[in-house]
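What follows is the residue order along each chain.
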There are 2 protein chains.
Amino acid sequence: MRVLKDAPELLSLNTATLGHRLPIEQVIDLVAAKGFGNIVPWRRDLERKSVGAIARQCRDAGLKVNGYCRSTYFPQATAEARKLALQENVYALEDAATLGADVFTLVVGSLPSNSRDLAGARQQVKDGVSELLETAKKVGVRLALEPLHPMTAGDRSCLNTVSQALNWAAEIDPDTCGYLGVAVDVYHVWWDENLEADIARAGREDRLYAFHVCDWLVPTVDLVTDRGMMGDGVIDLKQIRSWVEGAGYTGPVEVEIFSSNNWWQQPEEVVLETCIRRLATVC
Amino acid sequence: MRVLKDAPELLSLNTATLGHRLPIEQVIDLVAAKGFGNIVPWRRDLERKSVGAIARQCRDAGLKVNGYCRSTYFPQATAEARKLALQENVYALEDAATLGADVFTLVVGSLPSNSRDLAGARQQVKDGVSELLETAKKVGVRLALEPLHPMTAGDRSCLNTVSQALNWAAEIDPDTCGYLGVAVDVYHVWWDENLEADIARAGREDRLYAFHVCDWLVPTVDLVTDRGMMGDGVIDLKQIRSWVEGAGYTGPVEVEIFSSNNWWQQPEEVVLETCIRRLATVC
């Protein structure tokens, strides 16, 4: 396994970890100063800003933008709304290209309101990703399908396992064009008894595009914003990283922690220093 | 599909739905009076009571005990504790036999405290179920492996999909002795893209022992006690029941709702009447 200590090129900070409290310009400087070599901004960080200027600032700070978060949900109640969502995703992909992002992260959405048609939502996602893939090739940014934890299946994501993501990718992109893969976030998939096999498959199929870490707390008190710092929960992080690297993944290890009651209340410097320490020890 | 209206023999009430507020003796009378033909008590309902007397009361009230909840968790931090847990499960199975229960429900547990060894926990479950199966055959009560939602994988259950449950059952009981199967609770498995195929497989393999309903609320605010009444959430209940019955299931449809902030605050009669109405309409 790669050594993460003093290896900034292997470390990435997803800005959600800091709770979007500071302007992105300050976040970029802090993240670089604390020893990360990569950053993943969110679209909300860039609202009413010059994407080109942010891209330059990242480059000047020595930060690679390894990902850009995240897609507008694909399933929508009307054809009109679906078209709009797709257009927003096209714009976001163009911004991802401007940022020089390796991947655009697809959090796919799920049931539109008043719907119980999960199979229909899944079809809408596949149709939308198929269309978006054309733009991805054009602008040169890869799409990473991110399976989200099954507890998000009602509202945030009808894509819930790595196996399912790989099946969809094979269906949408049978020729493996190089622009459609998966993001493995330990938080969402650590429980899956097929995980080791699925990660190996993702490697074999050349679709392992991203690797995110945080931890699963016991007890977990919120379905969205109660993620733990690496080491504070029950996920065997080293084991999963060994599977990911054994499958050929060479990209950064990205920290993404949603934590409204703990880490989002702490000073950004403390959060970043803790991340760096834990990456070097428990991941 | 079977018609659930005015068909008490097809309806079962899991006593957790009433929040364990009333003594079981009162619950039995209420459940029978409201039109259920079956009941599933919990071990806590029977503490310091005569199991034989409760069994008689159920029979006299015209209630079949279709299940008994639930196993002590199999994975434990020490061999001593594992032995104790197994012994408790043996006693519970004997009570299940006294009750004339169709199945004893296995909620299997997960990581012992301070452990991150999920594979180890899974092995402990399989070992424990193997041993318990001998008692099950002896007392004539079937064991139903219940996969719990992946959000319970840290503490309550390392068994999280129907597919996984069927794989374990095949491993533990390759000859299909007739005493090891699965319980399908829509709450835990509704999100799974393989569900239809897995339910069909459970039917083919003669392991479809129980079917539980409630609903998934959006948003869900608690990982354990925020289940919805059928019809109040996003699960396509009729579709899943059609799969279950299509696979040959002829047992009752069991209502099991954990709802600390809503249904457990309402009068038992209201809860039971609502269940009966919803069973007849949205399930």
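For clarity, every value in this text was computed on a predicted model and none was experimentally measured.

Peer 1: Before we move on, can you summarise the overall build of chain A with the specific residues and values?
Peer 2: Scanning chain A from N- to C-terminus turns up 9 helices and 9 strands. Each principal axis of the C-alpha distribution contributes one length, and for chain A these read about 45 × 45 × 35 Å. Sequence-distant contacts in chain A: of pairs separated by 6 or more residues, those separated by 24 or more amount to 79%. Of the roughly 10,800 Å² of accessible surface on chain A, a fraction of 47% belongs to carbon and sulfur atoms.

Peer 1: Summarise the pattern of salt bridges; cite the residues concerned and give the values.
Peer 2: When the charged atoms of two side chains lie near each other, side chains of opposite charge can form a pair. Scanning the model with the defined rule gives 32 salt bridges over all chains in all. Glu268(B) is the partner of Arg21(B) in a salt bridge, and the nearest nitrogen-oxygen pair spans 3.4 Å. Placement of Arg21(B) in the loop between strand S1 (11-14) and helix H1 (24-33) and of Glu268(B) in helix H9 (residues 268-281) is noted, with a sequence separation of 247 residues between them. What makes Arg21(B) partly exposed here is its relative accessible area of 37%. In this structure, Arg201(B) engages Glu205(B) in a salt bridge whose closest nitrogen and oxygen atoms are separated by 2.9 Å. Several salt bridges share partner residues, and in doing so they unite Arg2(A), Arg241(A) and Glu245(A) into one network.

Peer 1: Can you explain the interface of chain B and chain A? Please cite residues and give values.
Peer 2: Contacts between chain B and chain A engage 31 residues on the former and 31 residues on the latter. Buried area between chain B and chain A, both sides added, is near 2,300 Å², and the carbon and sulfur share of it is 61%. Broken down residue by residue, the surface that chain B buries against chain A is led by Arg116(B), Trp191(B) and Glu193(B), which jointly contribute 28%. Where chain B touches chain A, the interface holds 0 salt bridges. Where chain B meets chain A, there are 10 residue pairs in polar contact (both at pLDDT 80 or more). At the level of elements, helix H4 (118-139) and helix H5 (162-172) of chain B are the ones that each hand at least two residues to the side of chain B that touches chain A. Counted by class, the side of chain B that touches chain A contains 14 nonpolar, 9 polar and 8 charged residues.

Peer 1: Got a sec to walk through the sheet that holds strand S4 (residues 67-69) of chain A? Specific residues and values, please.
Peer 2: Residue and element names in this part refer to chain A. With parallel pairing, the 9 strands of this open sheet are ordered in space as S3-S2-S1-S9-S8-S7-S6-S5-S4. With one partner strand each, in any of the chains shown, strand S3 (64-65) and S4 form the two edges of the open sheet. Inspection of the sheet shows strand S5 (residues 103-106) paired to strand S6 (residues 142-145) by 4 bridges, in the parallel sense. Each bridged residue has a counterpart across the sheet, and for Leu106 the counterpart in S6 is Leu145.

Peer 1: Report on the relation of the copies chain B and chain A, specifying residues and quantitative values.
Peer 2: It takes a turn of 180 degrees to lay chain B on chain A, together with a shift of 0.0 Å along the axis; the resulting RMSD is 0.0 Å. What the superposition gives is, in effect, a two-fold axis relating one chain to the other. Of the interface residues in chain B, 100% have counterparts in chain A that sit at the interface too, so the contact is made through matching surfaces.

What counts, and where the lines are drawn
Residues numbered from 1 in each chain as written. Chains lettered and ligands numbered in written order. Predicted model: local features only at pLDDT ≥ 70, side-chain atom pairs only at ≥ 80, totals over all residues. Heavy atoms only, no water. Helix = DSSP H or I, 4+ residues; strand = E, 2+ residues; numbered from the N terminus. Contact = heavy atoms within 4.5 Å. Areas by Shrake-Rupley, 256 points an atom, 1.4 Å probe, with all protein chains shown as cover. Salt bridge = Lys/Arg side-chain N within 4 Å of Asp/Glu carboxyl O. Buried < 20%, exposed > 50% of the residue type's maximum accessible area, 1.4 Å probe, protein only. Buried area = accessible area lost by both parts, 1.4 Å probe. Polar contact = N/O pair within 3.5 Å; in protein donor to acceptor, adjacent residues only side chain to side chain. Nonpolar A, V, L, I, M, F, W, Y, C, P; charged D, E, K, R; others polar. Pairing = 2+ DSSP bridges. Least-squares fit on C-alpha atoms with pLDDT ≥ 70 in both.

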